[in-house]
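Observations on chain architecture
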Amino acid sequence: MQPRNRFNMEETKRNVMNWEPPIEQDANQTAVACNPSLRNGEETFVKTEIVPVHTSFRVESDHWWTQVFEMIAKNIGIKWRPLFRNIKGPLSDAEMEVLEANNIMKGLEEVIHQGLIEWKRKLHKAEVCYIIEAMNKIERADLVKKLKNLIR
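Here we summarise the structure given alongside this text. The shown structure was predicted, so the numbers you read here are calculated from the model rather than taken from an experiment. (Residues numbered from 1 in each chain as written. Predicted model: local features only at pLDDT ≥ 70, side-chain atom pairs only at ≥ 80, totals over all residues. Heavy atoms only, no water.)

What to know about the pattern of salt bridges
Definition in use: Salt bridges, as used here, are contacts in which a Lys or Arg side-chain nitrogen is within 4 Å of a carboxyl oxygen on Asp or Glu. Each helix is a run of DSSP H or I of at least 4 residues and each strand a run of E of at least 2, with the numbering of both proceeding from the N terminus. Think of it in three bands: with a 1.4 Å probe and only protein chains considered, a residue is buried below 20% of the maximum accessible area for its type, exposed above 50%, and partly exposed in between.
Inspection of every chain in the model, using the stated rule, returns 6 salt bridges. Ionic pairing is found between Glu-97 and Arg-81, a salt bridge with its closest N-O pair at 3.4 Å. Of the two residues, Glu-97 sits in helix α4 (residues 93–103) while Arg-81 sits in helix α3 (residues 80–86), which places them 16 residues apart along the sequence. A relative accessible area of 45% means that Glu-97 is categorised as partly exposed. The residue Arg-140 makes a salt bridge to Asp-142 at a minimum N-O spacing of 3.0 Å. Given a relative accessible area of 14%, Arg-140 falls into the buried group. Ionic contacts of the salt-bridge type, sharing partners, join the residues Arg-81, Glu-97 and Glu-100 into one network.

Here it is, written out as structure tokens:
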């Protein structure tokens, strides 16, 4: 049996290539990686977000959001402006005017649908719970019930 060398270059390369940063949960239920970085010769750890932890029943794909937006657009009616005013990351009145001017020829449903798309794009981390909260504020419990049935 040969004595093991203290320094094995191949094993070191393999360990470096397969190294993954440790994952931990932060208070916002977001999986974070602690990535080492060198600053002034000292190793410090910088938290970087890698993937949100979802507690919903479905993966929130584009198709899923489209279904949610279509259901809202068909059922919200004239209360669409209060919805956009009360939702987290609200659209301004000017933004709603532009949406309406650009899409009114296609119908009110299209105005609402495009407004929801714009809201999701603007917020970046849109969640259906924000829509539910806004619907509760404008007293649309019927839509909250339909939305909850849709996401299960």
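Considerations on the nonpolar core
As a reminder of what qualifies: To qualify as a nonpolar core, a set must consist of buried Ala, Val, Leu, Ile, Met, Phe, Trp, Tyr and Cys residues joined through side-chain atoms within 4.5 Å.
In terms of nonpolar packing, the biggest core is built from 31 residues, with Trp-65, Ile-72, Ile-76 and Ile-131 touching the most fellow members. Elements with a contribution of two residues or more to this core: α2 (62–75), α3, α4, α5 (108–123), α6 (128–137) and α7 (141–151). Residue contributions to this core peak at 7 residues, all from α2.

Focus: α7
Three or four residues apart is the spacing at which side chains of an α-helix point the same way, because the helix has 3.6 residues per turn. Stated precisely, the cut-off is as follows: Throughout, the arc means the angular range of directions from the helix axis out to the C-beta atoms. In this description, contact between two residues means that some pair of their heavy atoms is separated by no more than 4.5 Å.
Inspection of α7 places Leu-143, Val-144, Leu-147 and Ile-151 among the buried residues, and these make up the whole buried set. Each buried residue of α7 lies within a common arc of 105° when the element is viewed along its axis, so the set occupies one face. Relative to its buried face, α7 has exposed residues pointing more than 90 degrees away, namely Ala-141, Lys-145 and Asn-149. Close packing links the buried residues of α7 with α2 and α6.

Some points on the side chain of Arg-81
To keep it simple, the criterion reads: Nitrogen and oxygen atoms within 3.5 Å of one another constitute a polar contact, given that in protein one can donate a hydrogen and the other can accept it, and given that sequence-neighbouring residues count only through two side-chain atoms.
Given the relative accessible area of 17%, Arg-81 is considered buried. There is a polar contact of 2.4 Å between the side chain of Arg-81 and the side chain of Glu-100. Excluding residues that lie within four positions of it along the chain, Arg-81 makes contacts with Met-96, Glu-97 and Glu-100.

Let's talk about the packing of aromatic side chains
Inclusion rule: To pair, rings of Phe, Tyr and Trp, with the six-membered ring standing in for Trp, must have centres within 6.5 Å; the planes then decide the type, stacked if under 30 degrees apart, edge-to-face if over 60, and tilted in the middle.
Going through the model one piece at a time under the given rule, you end up with 4 aromatic pairs. Seen in terms of ring centroids, Trp-65 and Trp-119 are 6.4 Å apart; in terms of plane orientation they differ by 65°. Their pairing is edge-to-face. Placement of Trp-65 in helix α2 and of Trp-119 in helix α5 is noted, with a sequence separation of 54 residues between them. Across this residue pair, the class does not change: Trp-65 and Trp-119 are buried. When the ring of Trp-80 is compared with that of Phe-84, the centres are 6.0 Å apart and the planes differ by 80°; the resulting orientation is edge-to-face. Placement of the pair is Trp-80 and Phe-84 together in helix α3, with a separation of 4 residues, close to one helical turn.

Here's the deal with the environment of Glu-127
Position of Glu-127 among the secondary structure elements: in the loop between α5 and α6. Its relative accessible area of 37% is what places Glu-127 among the partly exposed residues. Through-space distance from the C-alpha of Glu-127 to that of Lys-88 is 9.4 Å; in sequence the pair is 39 residues apart. The residues contacting Glu-127, other than those within four sequence positions of it, are Trp-65 and Trp-119.

Everything listed is a geometric property; what it means functionally is a separate question.
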